Amino acid sequence: ESRNASPRMRAAWSARRKFGTWRRIWLALAEAQHELGLPVSAAQVKELGAHLDDIDFAAADAHEARLRYDVMAHVHAYGDAAPGARGIIHLGATSQDVVCNADTLVMRDALQIVAEKLARAIDRAGSFATTHRSLPTLGWTHYQPAQPTTVGKRATLWAQDLAIALQEVEMRIAGLRLRGLRGATGTQASYLGLFGGEAAKVEELERRFAAKLGWPAGQTWAVCGQTYPRLVDAQVLSSLAVAAAAIHKCCNDLRLLANLKEVEEPFEKDQIGSSAMAYKRNPMRCERATGLARFVMNLSGNALDTAATQWFERTLDDSANRRLSLPEAFLALDGALDIMANVLGGLVVHQATVRAHLDAEL
């Protein structure tokens, strides 16, 4: 991740963000339960709020080694930090009341980073297209010489693909729903038990809980099992795959143009093109971006497999898989997007070569 992803995206998927979000979920749950009259005191809520970020990771690891359960390990670690509130942490909740909601919050923020970086790449592609809108160049179909186009017109194809990807990502952001508080099988039975069967209070608990997490009213899942629908992960990774494909196509075009010596990606003063042939101008940025993009595109099918193999209300084989596939897809795409913006912002066009190739073919 340190080689490819930005500090901002790495922070979004960091252990500190993950477990800090878990604690904020436990705090929101306790606050809402206190407000609705459950045996959760104001002092306990205050104590939880005072220890949101002082996470003892070593202690949590020790608890997990003993308990073999990461969520309960962090319940215990939080209880160690806030002993007065130990007995009410996670009251009525199941693990996925914490994990699914936290994952949704993190994915929303990560998707917003992707959207911003897609917009930046579109802007740079548009500026490049405007600059070179009138420079004639040889068009290619089937990678055979075809009718002329312009360097700028070709760049609009890249910008349009990136715009399609941005539209896809923005649609995913708008469609995200919080899991809410649904208990072990999605029936809210544990919360109904706490409130003596008063369904209205359970609904109000969930409403307040979502609001405290800054989630829009009414955007929780109407029904779910133990987890939110894993098809959501497949949708998200599919959207990332669309963005990756747009990057891959653009960078492949640039690699071919680099071979023709018509276009060159940025090349720094002390950069070495090859250990054996230092004079070479290999399109290493575009090669790296296509490698990352290909990795992201192939994770889309993985998420579909996971969604398809969930049994009834839930099976645990999704967990180990998602711990890799979700963050890695975002981290890899983030790196590819940064490369894309860097390349588009510094492309060099060798106009004489462009004209010579067109004249030769004419």
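A brief report on the enclosed structure follows. Source: prediction; values computed, not measured.

Rules and cut-offs
- Along each chain, residue indices are assigned from 1 in the same order as the chain's sequence is written.
- Note on the predicted model: pLDDT of at least 70 is required for a residue's local features to be given, and 80 or more for side-chain atom pairs to be given and counted; whole-chain, interface and lining totals, by contrast, use all residues.
- For side-chain calculations, the full set of non-hydrogen atoms in the structure is used, while hydrogens and water are omitted.
- Numbering of helices and strands runs from the N terminus; a helix is a DSSP stretch of H or I covering at least four residues, while a strand is a stretch of E covering at least two.
- Per-residue accessibility, obtained with a 1.4 Å probe over protein chains only, is compared with the maximum for each type, and a residue is labelled buried under 20%, exposed over 50%, and partly exposed between these values.
- By definition, residues are in contact when any of their heavy atoms lie within 4.5 Å.
- Surface accessibility follows the Shrake-Rupley procedure with a 1.4 Å probe radius. Residue values consider only the protein chains on display as shielding.
- For the charge count, each Lys or Arg is scored as positive and each Asp or Glu as negative, with His and the chain ends excluded.
- Every charge is mapped to an atom, namely NZ of Lys, CZ of Arg, CG of Asp or CD of Glu.
- Disulfides are defined as pairs of cysteine sulfur atoms found within 2.5 Å of each other.
- Only the stretch in contact is used when a helix axis is fitted, and all axes are lines through C-alpha atoms; the angle between N-to-C directions ranges over 0 to 180 degrees.
- Oblique is the label for every angle not falling under 35 degrees (roughly parallel), over 145 degrees (roughly antiparallel), or within 65 to 115 degrees (roughly perpendicular).
- Each helix should span, by expectation, one fewer than its residue count multiplied by 1.5 Å.
- A pocket here means an open set of points on a 1 Å grid, computed over the protein atoms alone, that has protein on both sides within 12 Å along at least five of seven lines. A cavity is instead a set of points where a 1.4 Å probe fits but cannot get out; residues with an atom within 4 Å of a point line either one.
- Grid points are joined across faces, edges and corners, and a volume is the space filled by probe spheres set on the points.
- Three residue categories are used. Nonpolar comprises Ala, Val, Leu, Ile, Met, Phe, Trp, Tyr, Cys and Pro, charged comprises Asp, Glu, Lys and Arg, and polar comprises the others, including Gly.

On to the overall build of the protein. Per the secondary structure count, the protein includes 13 helices and four strands. Counting across all 362 residues of the protein, residues that qualify as buried make up 49%. Taking as baseline every contact in the protein between residues at least 6 positions apart, the subset at least 24 positions apart corresponds to 78%. For the protein, the accessible area works out to roughly 17,100 Å², and carbon and sulfur atoms hold 54% of it. Of the charged side chains in the protein, 41 are positive and 40 negative, and the gap between their average positions amounts to 3 Å.

All told, the structure shown has zero disulfides when counted by the stated rule. Take Cys100: it sits in no disulfide, and the sulfur closest to it among the cysteines is that of Cys224, at 7.6 Å. On the accessibility criterion, Cys100 (0% relative accessible area) is buried.

This part is about the packing of helix α2 (residues 15-35) against helix α5 (residues 70-81). Two measures define how a pair of helices packs: the angle their axes make with one another and the distance between the axes. Running from N to C, α2 and α5 point in directions that differ by 70 degrees, and their axes come no closer than 11 Å. Relative to α5, the element α2 lies roughly perpendicular. Note on element contacts: α5 touches α2 through Asp70, Val71, His74, Val75, Ala77, Tyr78 and Ala81, opposite Phe19, Trp22, Arg23 and Trp26.

With that out of the way, let us pick up the side chain of Gln96. You can see Gln96 is positioned in helix α6 (residues 95-131). The class of Gln96 is buried, set by a relative accessible area of 6%. With sequence-adjacent residues up to four places away left out, Gln96 is seen in contact with Asn101, Arg179, Gln226, Thr227, Arg230 and Arg314.

For α5, built from twelve residues, the straight-helix expectation of 16 Å at 1.5 Å per residue is met to within 8% by its first-to-last C-alpha distance of 17 Å. Taken as a whole, α5 has its buried residues at Asp70, Val71, Ala73, His74, Val75, Ala77, Tyr78 and Gly79. For α5, the secondary structure elements touched by its buried residues are α2, α3 (42-49), α4 (57-67), α6 and α12 (317-346).

A word on empty space enclosed by the protein. One pass over the structure, following the stated rule, counts two cavities of 30 Å³ or more. When its volume is computed, the largest cavity comes out at roughly 70 Å³. Every residue lining the largest cavity is listed: Phe128, Thr137, Val151, Arg154, Trp158, Leu254, Leu257, Glu262, Val263, Leu347 and Val354. Elements supplying a minimum of two residues to the lining of the largest cavity: α7 (151-175) and α10 (231-259). Split into classes, the residues belonging to the lining of the largest cavity amount to eight nonpolar, one polar and two charged. Taken as a whole, the second largest cavity spans an internal volume of roughly 50 Å³. In terms of lining residues, the second largest cavity is bounded by Asp233, Leu237, Asn302, Ala303, Thr306, Asn321, Arg322, Ser325 and Leu326. When contributions to the lining of the second largest cavity are tallied by element, the ones reaching two or more residues are α10, α11 (284-308) and α12. With four residues, the top contributor of residues to the lining of the second largest cavity is α12. Here the residues of the lining of the second largest cavity are counted per class, giving three nonpolar, four polar and two charged.

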